[in-house]
Structures are given as C-alpha cells and as structure tokens.
Amino acid sequence: DQQREDRKDEHVRLALAASRSVSSHFDDIVFVHRSLPHLAVKDVCLQVNLFGRALACPLYINAMTGGSQKTGSINEALATIASATGMAMAVGSQHAGLRKEELASTYRVVRKANPKGVIFANVGADVSADTALKVIDMIEADALQIHVNVPQELVMPEGERDFSEWLQHIEDMVKRMNVPVIVKEVGFGMSKETLHTLMSLGVQYVDISGRGGTNFIGIENRRRAQKEYSYISTWGQTTAIALLEAQAYRTRLTYFASGGVRHPLDMTKCLALGAKAVGIASPVLRVLQEQGVEQAVEVMLQWQEQLKVLWTMLGAKNSEELLTCPIVVMNEVKEWCDVRQIDVTELAQR
Ligand code: FNR
C-alpha cells in the first residue's frame with residue numbers, strides 16, 4: 001500500500017518534470033481564416049450541456065490523482081478551481097480509496113469542495129461492476145470514467161499482465177452503472193478499430209486521450225532504474241489523429257478529447273473535430289503547483305475569454321457552429337489519413 005501511495009506522488013512529480021518532446025500534431029490541423037465573421041464577441045456562448053447538466057465551458061480537468069495525503073490536497077485545490085470556473089472534473093484512479101478507508105477522503109474532498117459540480121469517478125478496466133458502483137458512490141459522481149492504460153501497465157514492473165477480461169468488465173459496467181460511462185485512454189489515443197469494439201460493448205461515451213502531452217511510458221521509464229522501454233516512448237496516436245479516426249462515428253458516439261491540449265486554439269480544434277468537451281490534466285496541474293489556486297483560476301478564466309475571441313474569428317457563436325468551420329489537415333496527419341482512408345476533403349470544404 002505504501003508503494004502505491006508513493007507511486008501517486010511520483011506520478012505527479014514526474015508528470016511535472018517531463019518536457020514535452022513528442023508532437024501533438026495539433027499544428028497540422030489548420031482553420032481557414034474568415035475575413036468577415038458576422039458576429040460579436042459578446043454573442044459567443046461557451047456553455048454546453050453534459051449529462052443533463054449545464055457547464056460554463058466545454059473544458060474539464062481530467063483524471064489525475066488522489067490516494068495519498070499529498071495528492072488529496074491537490075484534489076481539493078483542483079476541485080476549487082473547477083468550482084470557481086464552472087469546469088467539470090475527474091478524480092484519479094480510485095482503487096486506493098477502496099482498499100484503505102482513510103484514503104477515500106483524498107477523493108471525497110473533491111465533492112466537498114465542489115458540492116454542485118460535475119464530477120467523474122475513475123477506475124481501471126480490471127475491476128468488477130460492484131467495485132465501480134462503490135467508487136461512484138464514494139464521490140457522488142455524475143459519470144464514471146473507465147481508464148484503459150495497457151502500455152502503462154506493461155511498462156510498470158508491478159503492473160497488470162493479463163488484459164483478457166477487460167472487454168467483459170467494460171460490458172458489465174456499462175450495463176450496470178446508474179450514471180453514464182466514459183471509456184478513457186490515458187494518452188495513447190484510440191483508433192477506429194478500438195472505437196468499433198467499444199461500441200459493440202454498448203459504450204456510448206469515450207475520451208480518446210491521445211499522445212502529445214503526458215506520456216505514461218516516459219513516466220514509468222523514469223521510475224525504474226534501467227530504462228528498458230525508452231525506445232517506445234512515442235507509442236500511440238496523437239489526439240489530432242485519434243479525433244480524425246473518430247470521424248466515422250461522429251453521429252453514433254459521443255467523444256471527448258484530451259492529451260497534449262496546450263491552449264484555447266488546440267481546444268477549439270478538438271471541438272471543431274467533433275469533441276463534445278476537452279480535457280486537460282498536466283497543464284492545470286502545472287499552473288496549480290507553480291503558481292497556486294488563485295492564479296490557476298485566473299488562467300482558466302483567461303482560457304474562457306480567449307475561446308470567445310477565437311470563436312468570433314471563426315464566426316462560431318457556440319461549439320455546435322464550430323462543426324461547420326472548414327479545417328485543412330496537413331503534413332504527417334494528412335499522410336496518416338490517406339493511408340487509413342479517412343476522408344479529410346469533407347472537413348476542408350464544409
Ligand atoms: C494522469 N492520467 C490519469 N488518467 C486516468 O484515467 N486515471 C488516472 O489515475 C490518471 N492519473 C494521472 C496522473 C497524472 C499526474 C497525470 C498528469 C495524468 C491521465 C490524464 O487523465 C490524461 O489522459 C493525460 O494526462 C493526457 O492529458 P494531458 O496531461 O496531456 O493534458
């Protein structure tokens with residue numbers, strides 16, 4: 001148990017120490033400039049409805065932490081930021097809170113700090129539906145994220161080695177939960193094939209969480225003495241590519257985007273590619289740790305102001321209208337789409 005608590009602290013430390021060395025591919029996605037947008041900044045509305053609740057902005061703090069005293073304080077601070085800015089928030093994997101009652105408070109603190117907020121519970125795909133019901137209950141969650149993190153488990157010396165039950169677990173959880181279930185990657189991105197499989201299990205919500213930001217192969221490599229797996233540190237698909245992979249399912253699946261979102265322009269690109277909402281993890285953790293809660297609130301409110309400016313330039317008064325803004329896909333991402341037979345001409349001419 002102590003090892004697990006240390007790991008939670010280490011993940012936070014190493015995520016912050018990491019430099020961003022892998023491309024997020026967002027720069028290969030370009031909006032077509034519009035000289036006459038026919039709109040005023042004051043007319044832009046960022047609000048979206050999510051699971052029957054109104055959110056000030058389609059942005060959420062993604063799953064990170066809890067499970068040790070230190071990370072409990074981080075969770076409390078993140079919840080305060082979410083509450084002050086009208087953002088949704090996910091807690092980190094709650095397994096630790098189930099195993100040890102005193103650690104449950106490091107997750108519950110999120111509901112305490114933000115009683116009316118939209119909050120997501122988080123577990124791995126290795127748990128039973130009964131366990132999942134308990135983590136939802138622990139924080140009175142509005143939805144459940146099930147994280148799928150195979151590369152991370154395999155690179156961790158103490159990680160899982162058998163994934164043969166995961167599909168069954170996911171299917172059971174989807175059937176038995178009393179709240180919406182979001183199947184979530186942790187920074188390796190999802191493909192058409194993965195999305196197809198998830199849909200066949202009855203999954204309606206996914207977070208395609210792609211490469212380009214936090215890199216768990218990198219983090220786990222740095223936790224071990226011999227860095228045996230550094231050669232797969234660019235494994236997975238970027239968020240930009242995963243969103244293009246998801247285009248085929250745009251009307252049948254609700255997808256969220258996260259992974260390597262650096263600023264309001266990246267976020268706007270995700271929304272224009274059909275994401276319902278966009279998650280950020282390490283960027284908000286970094287401002288929080290370096291500058292404190294108040295400054296982090298300030299930065300998130302600035303994002304919201306800047307989103308209104310960007311959407312005005314694009315002539316979109318809400319996130320739905322972003323779906324009609326033409327986008328040009330270039331360079332490596334275009335090559336990927338050509339080979340995978342993903343039609344990007346429709347995006348360029350809509
Ligand atoms: C994470 N992430 C994560 N995801 C998850 O589903 N359960 C978890 O417990 C964690 N733990 C965690 C800890 C830390 C310190 C970080 C930075 C991240 C992954 C996270 O939700 C997200 O998918 C990725 O971090 C990609 O987003 P960013 O960081 O590039 O914005």
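Preceding this section is the structure that the text describes.
What counts as what
Residues numbered from 1 in each chain as written. Predicted model: local features only at pLDDT ≥ 70, side-chain atom pairs only at ≥ 80, totals over all residues. Heavy atoms only, no water. Buried < 20%, exposed > 50% of the residue type's maximum accessible area, 1.4 Å probe, protein only. Helix = DSSP H or I, 4+ residues; strand = E, 2+ residues; numbered from the N terminus. Pairing = 2+ DSSP bridges. Polar contact = N/O pair within 3.5 Å; in protein donor to acceptor, adjacent residues only side chain to side chain. Contact = heavy atoms within 4.5 Å. Axes fitted to C-alpha atoms, helices over the stretch in contact; angles between N-to-C directions. Near = heavy atom within 4 Å. Areas by Shrake-Rupley, 256 points an atom, 1.4 Å probe, with all protein chains shown as cover. Nonpolar A, V, L, I, M, F, W, Y, C, P; charged D, E, K, R; others polar. Phe/Tyr/Trp six-rings, centres within 6.5 Å; stacked < 30°, edge-to-face > 60°. Core = buried A, V, L, I, M, F, W, Y, C linked by side-chain atoms within 4.5 Å. Parallel < 35°, antiparallel > 145°, perpendicular 65-115°, else oblique. Salt bridge = Lys/Arg side-chain N within 4 Å of Asp/Glu carboxyl O.

1. A short note on the pairing of strand 8 (residues 181–184)
Next, step 1: The alternating pattern of strand 8 places Val181 and Val183 and Ile182 and Lys184 on opposite faces, both of which are buried.
Next, step 2: Summarising the sheet, strand 7 (residues 143–147) and strand 8 pair through four bridges and their orientation is parallel. Opposite Gln145, over in strand 8, you have Ile182 as the bridge partner.
Next, step 3: The pairing of strand 8 with strand 9 (residues 205–207) spans three bridges and is classified as parallel.

2. Remarks on the environment of His11
Next, step 1: Considering the arrangement of structural elements, one finds His11 in helix 1 (residues 2–17).
Next, step 2: Once the C-alpha coordinates of His11 and Arg222 are considered, the two residues, 211 residues apart in sequence, prove to be 10.0 Å apart.
Next, step 3: There is a polar contact of 2.8 Å between the side chain of His11 and the side chain of Glu220.

3. Focus: the side chain of Thr65
Next, step 1: Along the chain, Thr65 turns up in the loop between strand 4 (59–61) and helix 2 (69–85).
Next, step 2: Apart from the residues lying within four places of it in its own chain, the contact partners of Thr65 are Lys8, Val12, Thr71, Ile74, Asn75, Val91, Gly92 and Tyr107.

4. Section: the sheet that holds strand 11 (residues 278–280)
Next, step 1: Strand order around the closed barrel formed by eight strands is 4-5-6-7-8-9-10-11, with parallel pairing between neighbours. Across the sheet, the mean angle separating the axes of adjacent strands is 25° when strand polarity is ignored.
Next, step 2: Sheet strands touched by helix 2: strand 4 and strand 5 (88–90). Its angle to strand 5, the strand with the most contacts, is close to 160°.

5. Section: unusual backbone geometry
When glycine is set aside, most residues are seen to have a negative phi, and most peptide bonds are trans.
Next, step 1: The backbone phi angle of Glu140 is positive, close to 45°, even though this residue is not glycine.
Next, step 2: Mapped onto the elements, Glu140 comes out in the loop between helix 5 (129–138) and strand 7.
Next, step 3: Residue class for Glu140 comes out exposed when judged on its relative accessible area of 56%.

6. Re the site of the ligand
Next, step 1: Taken together, 23 residues lie around the ligand, and Ala63, Ser209, Thr214, Gly260 and Ser282 are the ones closest in.
Next, step 2: Between Ala281 and the ligand, the recorded distance is 2.9 Å, taken from a backbone N or O atom to an oxygen atom.
Next, step 3: Isolated, the ligand exposes 600 Å² of accessible area, and the fraction of that covered by the protein chains is 96%.
Next, step 4: Looking at the shell around the ligand, the element that brings in the most residues is helix 1, giving three residues.
Next, step 5: Looking at side-chain class alone, the shell around the ligand contains nine nonpolar, twelve polar and two charged residues.

7. Comments concerning the packing of aromatic side chains
Next, step 1: Inspection of every chain in the model, using the stated rule, returns seven aromatic pairs.
Next, step 2: Note on Phe51 and Tyr205: the rings are 5.0 Å apart at their centroids and 85° apart in plane angle, and the pair reads as edge-to-face. Linking Phe51 in the loop between strand 2 (48–50) and strand 3 (53–55) with Tyr205 in strand 9, this pair joins segments that are 154 residues apart in sequence.
Next, step 3: Their ring planes at 40° and their centres at 6.3 Å tell us that Tyr229 and Tyr231 sit as a pair that is tilted.
Next, step 4: Residue Tyr229 is classed as partly exposed on the basis of its relative accessible area of 30%.
Next, step 5: In this structure Tyr231 comes out as exposed when scored by relative accessible area, which is 64%.
Next, step 6: An aromatic cluster is defined as three or more aromatic residues linked by ring pairs; in this entry it consists of Phe51, Tyr60, Phe120, Tyr205 and Phe256.

8. Considerations on the environment of His147
Next, step 1: One can find His147 in strand 7.
Next, step 2: For His147 and Leu36, which are 111 residues apart along the polypeptide, the C-alpha to C-alpha distance reads 43 Å.
Next, step 3: Sequence-distant contacts of His147, defined by excluding residues within four places in its chain, comprise Ser93, Asn122, Val123, Gly124, Ala125, Lys184 and Val186.

9. A short note on the nonpolar core
Next, step 1: Ranked by size, the top nonpolar core spans 95 residues in total, and within it Ile81, Leu144, Ile170, Met173, Val206, Leu244 and Met267 carry the most contacts.
Next, step 2: Apart from the residues lying within four places of it in its own chain, the contact partners of Ile81 are Ile61, Val284, Leu288, Val293, Ala296, Val297 and Met300.
Next, step 3: In this structure, Leu50, Ala90, Ala143 and Ala277 belong to the second largest nonpolar core, which totals 14 residues.

10. A short note on the packing of helix 2 against helix 12 (residues 282–291)
Next, step 1: Their axes nearest at 11 Å, the elements helix 2 and helix 12 cross at an angle of 105°. Relative to helix 12, the element helix 2 lies roughly perpendicular. Counted together, Ile74, Ala77, Leu78 and Ile81 of helix 2 and Val284, Leu285, Leu288 and Gln289 of helix 12 form the full contact between these two elements.
Next, step 2: Looking at the contact of helix 2 with helix 12 residue by residue, the class counts come to seven nonpolar, one polar and no charged.

11. A few points about the side chain of Ser319
Next, step 1: If you trace the backbone, Ser319 turns up in helix 14 (residues 319–322).
Next, step 2: Residues in contact with Ser319, not counting those within four places in the same chain, are Cys45, Val48 and Trp311.

12. What about the pattern of salt bridges?
Next, step 1: Tallying each qualifying case throughout the model produces 19 salt bridges.
Next, step 2: The partner of Glu321 in a salt bridge is Lys317, and the shortest N-O contact between them spans 2.7 Å.
Next, step 3: Owing to a relative accessible area of 37%, Lys317 belongs among the partly exposed residues under this scheme.
Next, step 4: The partner of Asp338 in a salt bridge is Lys334, with the nearest N and O atoms 2.9 Å apart. You can see Asp338 and its partner Lys334 sitting in helix 15 (residues 331–339), four residues apart, about one turn around the helix.
Next, step 5: By relative accessible area, which is 31% here, Lys334 ends up partly exposed.

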